[in-house]
Amino acid sequence: MAASLTGLLKPWTPRVLLVRWSRYNPYYLEPEPRKEVYHIPETELTPEQKEERELKSVRPIKAATNSVTSSVFNDPVLSKFVNMMMKDGDKIIAKGIITQTLENMKRKQVEKYHKAPEGKKAEIECNPYAIFHQALENCKPVIGLASIQKGGKFYQVPIPLTDNRRRFLAMKWMITECRDNKHRRTLMYEKLSQELLAAFSKEGNVVKRKHELHKMAESNRAYAHYRWW
Amino acid sequence: MLLLAGPCFIFVAKPTEQHLGQYYTVPPSHFHTVFPHGLPPRYQQQVKTFNEGCVMVRQPALELISHLKRADYSKPTLRYLLYGVKGSGKTMSLCHTVHYCSTQGWLVLHIPDAHLWVKNCKELLPSSYHASRFDQPIQASNWLRNFRTTNEHFLSKIKLRQRYVWTKRESTEEGRPLGELVDMGVSRVKSSSDVVGAVLKELRLQAGGTEGGFRLAVAVDGVNGLWGRTTLKKEDKSPVAPEELTLVHNLRKMINNDWCGGAVIATLSQTGSLYAPSSAYLPQELLGEEGFDSMDPFVPVPVSLYSEKEFESCYLYYLDRHWLQHPHSQTEEGKKELIFLSNRNPSVLERLCAFL
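All figures in this text were calculated on a predicted structure; none of them were measured in a lab.

(A) Local environment of the side chain of Ser193(B). Residue and element names in this part refer to chain B. With respect to the helices and strands, the residue serine 193 is situated in helix α8 (residues 192-206). Under the relative-accessibility criterion, serine 193 is labelled buried at 0%. One polar contact links the side chain of serine 193 to the main-chain amide nitrogen of glutamine 136, over a distance of 3.2 Å. Leave out the neighbours within four places in its chain, and serine 193 touches Asp135, Gln136, Pro137, Ala140, Thr246, Leu247 and Asn250.

Printed below as a string of structure tokens:
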């Protein structure tokens, strides 16, 4: 039930101790990484928040994972992208590639900005985070296809996609496109920055793939009634 | 009235003590002549991105410049050594001083990184001049090419005082201009290391001269590479000591203070150094016994991390150049976080702001 110390007093403890288990007792509460919550003074707390604080002082709390930060620069979409790029659990390399990509995009855009005449300066977007989010939006498919079996044959049926699925597809296409279809000697951050800048202006192979999916769904419109949910 | 005090960045024409913490712009025409080599690679990228080259005026550089102004050039050369933790701005202070020297009309001998001469050498030829020494043709010819770009106007004025024989058929006579020697070194790659030695010797002899005298500034980055160990190997796999390399041997003679009419400005560097622990930054640790004894009467110039005023100035400069793009980085919270993450270290701050 409650966290007990008697289990820890053994004649032998293993050298590597797991700090955070993925299956916690439901008694444990989630950690709160945001700084603003702790800055609210005593007087301004609502009754629910006061209750929550009292509860947190008696209950044990789960250990926070490595990916949660209280930093203002934390971006959940970017963290998801980093996790999808990661191979063999090597987050340092994946995070390094993403930071190099952001830097590369920013450098290209800022260079263009400084060389552009006065009138055109306002149109050039220099923020790499804005470019990343907009490019991802431009790559997200609106409608997807599912393989449904009817009468012995499998049909590609157009179905609505959830937000998470759309985001996953956009990121997956971006990563596979950069890994497979580019020149062998270019580094990943260069390939990614080129592809993201192209997607930002709605050109490039990933956006083309999204359009092809939409066209397939449109052409298979007749089978839409095979969907039963 | 211009308010020069306070943490702000202003583009100044001639930096003085009042302009501490502020940026001065190097004119674009100077970049290719004064700095064909020698600037840190990340700074070169920054110059390309911002379309201009701005250097912050900091205390170590100003101290060096004031020493150079007040030194007596009829006495033996003074040696200045810039030292500090990794990323604190030693190379940039050196480049600031080099730019000052070239605007004052000195002859600048800038060796961008002495560590490049003691590691990763593809071709190591036995020297023709001295039996037990080794030549490095590629490094020597590259350096001569850059030296030629930096000091074009001096090359025709300085005349050689001695006859140099390269092979049975080739020799350079007395009285020929230095430019001819340098051109020969660039074209005949095999004898380029000996040409470098000859150039250094000539400049050493003529620097303090009364007729047509010029002042000579020897700027060496990563000077601790000259006295350590090398990673180069001879054909029988035995290690090469730095003394056995012609380039290093001649450069050591240059750094000795037995000539007058100029100054030697050196920087320590742990980044490219061989067999030195990464936490070492003091002269005693990086130069070793031998190096410290050779450099011994030197003027140490410590380079510290950014002060609060300098940090503010750098932050405002990045904001002005549209480099800090993340919306949170432009708030107070973001600024406090940047101070915390970088500990006011210039290079760490630059790398953080690169992706923010």
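There's more to say after this.
(B) Focus on the packing of helix α6 (residues 163-180) of chain A against helix α7 (residues 188-200) of chain A. Residues and elements named next belong to chain A. Closest axis-to-axis distance for the α6/α7 pair is 9 Å, and the angle between their directions is 130 degrees. Considered as vectors, α6 and α7 are oriented oblique to each other. Between α6 and α7 lies a crossing of right-handed hand. Contact residues: α6 offers Met174, Ile175, Glu177, Cys178 and Arg179, while α7 offers Met188, Lys191, Leu192, Glu195, Leu196 and Ala199. When the residues that make up the contact of α6 with α7 are grouped by side-chain class, the tally is seven nonpolar, no polar and four charged.

(C) Spatial organisation of the packing of helix α3 (residues 59-70) of chain B against helix α4 (residues 90-103) of chain B. All names here are of chain B. Where α3 meets α4, the closest approach of the two axes is 9 Å, and the angle between their N-to-C directions is 35 degrees. At the point where α3 passes α4, the crossing takes the right-handed sense. Touching Pro60, Ala61, Leu64, Ile65, Leu68 and Lys69 of α3 are Ser93, His96, Thr97, Tyr100 and Cys101, all from α4. Its residues assigned to classes, the contact of α3 with α4 shows seven nonpolar, three polar and one charged.

(D) Structural view of the UniProt feature "domain: Small ribosomal subunit protein uS7" (unreviewed entry) in chain A. Annotation from UniProt places "domain: Small ribosomal subunit protein uS7" (unreviewed entry) at residues 65-221 of chain A. End-to-end, the C-alpha atoms of residues 65-221 of chain A are 44 Å apart, and along that stretch the chain is 59% helix and 10% strand.

(E) Quick peek at the sheet that holds strand β10 (residues 262-267) of chain B. All names here are of chain B. Sheet architecture is open: five strands sit in the order β4-β9-β10-β3-β11, paired in parallel fashion. Two strands bound the open sheet, and with one partner strand each, they are β4 (107-111) and β11 (299-302). The sheet shows a mean angle of 15 degrees between the axes of neighbouring strands, taken without regard to direction. Seen against the sheet, α4 touches β3 (78-83), β4, β9 (216-221) and β10 and runs at an angle of roughly 165 degrees to β9.

Rules and cut-offs
- Residues numbered from 1 in each chain as written.
- Chains lettered and ligands numbered in written order.
- Predicted model: local features only at pLDDT ≥ 70, side-chain atom pairs only at ≥ 80, totals over all residues.
- Heavy atoms only, no water.
- Helix = DSSP H or I, 4+ residues; strand = E, 2+ residues; numbered from the N terminus.
- Buried < 20%, exposed > 50% of the residue type's maximum accessible area, 1.4 Å probe, protein only.
- Polar contact = N/O pair within 3.5 Å; in protein donor to acceptor, adjacent residues only side chain to side chain.
- Contact = heavy atoms within 4.5 Å.
- Axes fitted to C-alpha atoms, helices over the stretch in contact; angles between N-to-C directions.
- Parallel < 35°, antiparallel > 145°, perpendicular 65-115°, else oblique.
- Left-handed = near helix turned anticlockwise from the far one by under 90°.
- Nonpolar A, V, L, I, M, F, W, Y, C, P; charged D, E, K, R; others polar.
- UniProt positions renumbered as here; feature names shortened; annotations may be inferred.
- Pairing = 2+ DSSP bridges.

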